There are 2 protein chains.
Amino acid sequence: MAPSAAMHAAPTLARPPMPFPAAMARVLPFPSSRPEADPLDAIATTSVVDRDIAIFHQGGSADALFRLVDGVVRIHKLLPDGRRQIVGFLQAGDFFGLAFGDTYLYTAEAVTVATVRRMSRSRVDAVMDEHPALRQRLLVVTAEELIAAQDQMLLLGRKNAVEKICSFLTMLSRRRARQGKDPARLHVPMSRADIADYLGLTIETVSRTITKLKTAGTIRLLDGNKIALCDPETVASLAEGA
Amino acid sequence: MAPSAAMHAAPTLARPPMPFPAAMARVLPFPSSRPEADPLDAIATTSVVDRDIAIFHQGGSADALFRLVDGVVRIHKLLPDGRRQIVGFLQAGDFFGLAFGDTYLYTAEAVTVATVRRMSRSRVDAVMDEHPALRQRLLVVTAEELIAAQDQMLLLGRKNAVEKICSFLTMLSRRRARQGKDPARLHVPMSRADIADYLGLTIETVSRTITKLKTAGTIRLLDGNKIALCDPETVASLAEGA
DNA sequence: CGGTCGGTTGAAACTGATCAACAAGGGTGG
DNA sequence: CCACCCTTGTTGATCAGTTTCAACCGACCG
């Protein structure tokens, strides 16, 4: 995988030196599976991306917009010395790759094997001009992302380790609920390093905090990267500092 | 015109200790490009807001959109126990208060005496439908705001105190440059508490870090809340962990 | 002139980071 | 099939950056 534990903090040392290498994502062409009524769909091509493979890189030429069909994708930014901040975990339906300059401002990588639909930027613009409603929709999803980013700013700036972990678990729980699945039973495909870089912690602190919640009886660790919330409400209130 | 009643709601302290209503709100701050002949202008009314007075509150009914004409406004979110995270400082030209739900997601307050133009939400929607280009512009500025939010996430999650302060100074410097003013001479109207809550630090750490930069000869403190950057490039590189 | 407020500075405490060791898979090659 | 290794996660001990608590200063104000 890409950046990991070793690159946290430590202003002096920086094991992985390069911010953004050149390697492109291994994106396999794939026939369109379910063509929706979506005009964007007509200009999209489907690809399957392996675990830990980049879909695009920070600094790379931003020539396409993507939509996640299946799997989980992380987007992150890097500091020159390799410190990493994961800015979001995407789920099915999410758009990404929005760039208003000519280069991507962050890297997108598959956390699990992921299926994405790729739309060239020029075509997206053309389709938008034809279907103003799409632009409205894109505005709404961008706005929702901004709202989520602001919540994350509150988390990163003002929450302690327990609150951060509980916020993370609550986010996963809410996603489950939105999918009509059991919100007390989470699948957590991301590594401790990913969680740490998302919450502004180290892997050790993530591990210790999860252990603490487990021994406190707040959560239970199941196998297959699954976590059970004994009481989602309690976890949610811990996330807010209760 | 006279300041509207709505924006002179209860004076808000810089750090309100009381909990806030659980109600969620959806608000977007976003910068505009040019304040020229604008159809939005026709439906706007101007107000002057005193220092530290709220323009709207987190949880309040989101019935209007605002554009900052003059002064500085801060936007912040609160945790139930009063911990505060400032998610942005707005400058002249910036839009804020756009809501995608029916209540505001956070509070907007004047950092300096501020002049704002207020546009009712229903009228904004009508004007948008009439001028599709406005919606496009809205998308662009929202995306720019999202990009800024992601940079701030990197700052909050992975930067140390010196890097945070230098990032803040660099942001102010870039704004000055964009206004055609001397980027090495900053006006800093916000208090130490505001800076602390923006950077995820305490007032004391902000003060100490600024002192450290001053004694290191990186910056000079001038009176009238002004700061001179001895070398903006150096400050910018310190912001990235150099 | 006393009081408050914003900012600075000092000392101690604490949370989370760092360094280090180890265990549990999982894959690979002999 | 098994030994080995490499990766991921856990746990312990110590360290350090930031926070907390506290005192102080100067400016401003009634």
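Residues numbered from 1 in each chain as written. Chains lettered and ligands numbered in written order. Predicted model: local features only at pLDDT ≥ 70, side-chain atom pairs only at ≥ 80, totals over all residues. Heavy atoms only, no water.

**Q** Which parts of the structure should I look at to understand the pattern of salt bridges?
**A** A pair can form between side chains of opposite charge whenever their charged atoms are brought close. Residues and elements named next belong to chain A. Evaluation of the coordinates by the stated rule reveals 29 salt bridges over all chains. With a closest N to O distance of 3.6 Å, Asp-63 and Arg-118 form a salt bridge. With Asp-63 in the loop between strand E3 (54-56) and strand E4 (64-70) and Arg-118 in strand E9 (residues 114-120), this residue pair connects regions lying 55 residues apart in the sequence. Asp-63 gets classed as partly exposed once you look at its relative accessible area, which sits at 39%. Put simply, Arg-135 and Asp-129 hold a salt bridge, and the shortest N to O gap is 3.3 Å. (Salt bridge = Lys/Arg side-chain N within 4 Å of Asp/Glu carboxyl O. Helix = DSSP H or I, 4+ residues; strand = E, 2+ residues; numbered from the N terminus. Buried < 20%, exposed > 50% of the residue type's maximum accessible area, 1.4 Å probe, protein only.)

**Q** How do you make sense of the environment of B:Val113 when you look at a structure like this?
**A** Its location among the elements puts B:Val113 in the loop between strand E8 (107-110) and strand E9 (114-120). Residues in contact with B:Val113, not counting those within four places in the same chain, are B:Val48, B:Val49, B:Asp50, B:Arg51, B:Asp70 and B:Gly71. (Contact = heavy atoms within 4.5 Å.)

**Q** So what exactly am I meant to see when it comes to the interface of chain B and chain A here?
**A** Frequently, the measure chosen for interface size is the accessible area removed from exposure when the parts meet. Listed by partner, the interface residues are 45 residues for chain B and 45 residues for chain A. Summed over both partners, the interface of chain B with chain A comes to about 4,100 Å²; 69% of that surface belongs to carbon and sulfur atoms. If you sort the residues of chain B by the area they bury against chain A, B:Leu139, B:Met153 and B:Arg158 come out on top, with a joint share of 20%. Taken together, chain B and chain A are joined by six salt bridges. In this structure, A:Asp197 and B:Arg158 form a salt bridge, with 2.7 Å as the shortest nitrogen-oxygen distance. Linking chain B with chain A are 16 residue pairs in polar contact (both at pLDDT 80 or more). If one sorts the elements of the side of chain B that touches chain A by residue count, helix H2 (residues 132-158) of chain B sits on top with 19 residues. Per-class residue counts for the side of chain B that touches chain A are 23 nonpolar, nine polar and 13 charged. (Buried area = accessible area lost by both parts, 1.4 Å probe. Polar contact = N/O pair within 3.5 Å; in protein donor to acceptor, adjacent residues only side chain to side chain. Nonpolar A, V, L, I, M, F, W, Y, C, P; charged D, E, K, R; others polar.)

**Q** Honestly, empty space enclosed by the protein in this entry has me stumped. Any pointers?
**A** Vacant regions in the atomic arrangement are exposed by a probe of water-molecule size rolled over the atoms. Following the criterion strictly, the structure yields three cavities of 30 Å³ or more and no others. Surrounding the largest cavity, 16 residues form its lining, A:Gly97, A:Leu98, A:Tyr106, A:Glu145 and B:Leu146 being those nearest its centre. Listed by contribution, the elements that provide at least two residues to the lining of the largest cavity are strand E7 (95-96) and helix H2 (132-158) of chain A together with H2 of chain B. Of the residues contributing to the lining of the largest cavity, the split by class is 12 nonpolar, three polar and one charged. (1 Å grid on protein atoms, 1.4 Å probe; cavity = no way out; pocket = protein on both sides within 12 Å on 5 of 7 lines; lining within 4 Å. Points joined across faces, edges and corners; volume = space filled by probe spheres on them.)

**Q** Help me understand the nonpolar core, please; the structure alone is not making it clear to me.
**A** Burial of nonpolar side chains together is a common tendency in soluble globular proteins. One finds A:Phe96, A:Phe168, A:Leu169, B:Phe96, B:Phe168 and B:Leu169 to be the most contacted residues of the largest nonpolar core, which totals 103 residues. Those residues within four positions of A:Phe168 in sequence are excluded, and the remaining contacts are A:Phe89, A:Val188, A:Met190, A:Ile195, A:Tyr198 and A:Leu199. Among the nonpolar cores identified, the runner-up in size contains 26 residues, and A:Ile43, A:Phe95, A:Val124 and A:Met128 belong to it. (Core = buried A, V, L, I, M, F, W, Y, C linked by side-chain atoms within 4.5 Å.)

**Q** What is the right way to look at the protein's contact with DNA strand D in this model?
**A** Around DNA strand D sit 14 residues in total, of which A:Arg192, A:Ser207, A:Thr211, B:Thr205 and B:Arg208 are the nearest. Per the 4 Å cut-off to the protein, sugar and phosphate atoms form 58% of the nearby atoms of DNA strand D. At a separation of 2.8 Å, a phosphate oxygen of DNA strand D approaches a polar side-chain atom of A:Ser207. A:Arg208 places a polar side-chain atom, nitrogen or oxygen, 2.8 Å from a base nitrogen of DNA strand D. Of all the elements in the fold, those that place two or more residues in the surface near DNA strand D are helix H5 (203-215) of chain A together with helix H5 (203-215) of chain B. (Near = heavy atom within 4 Å.)

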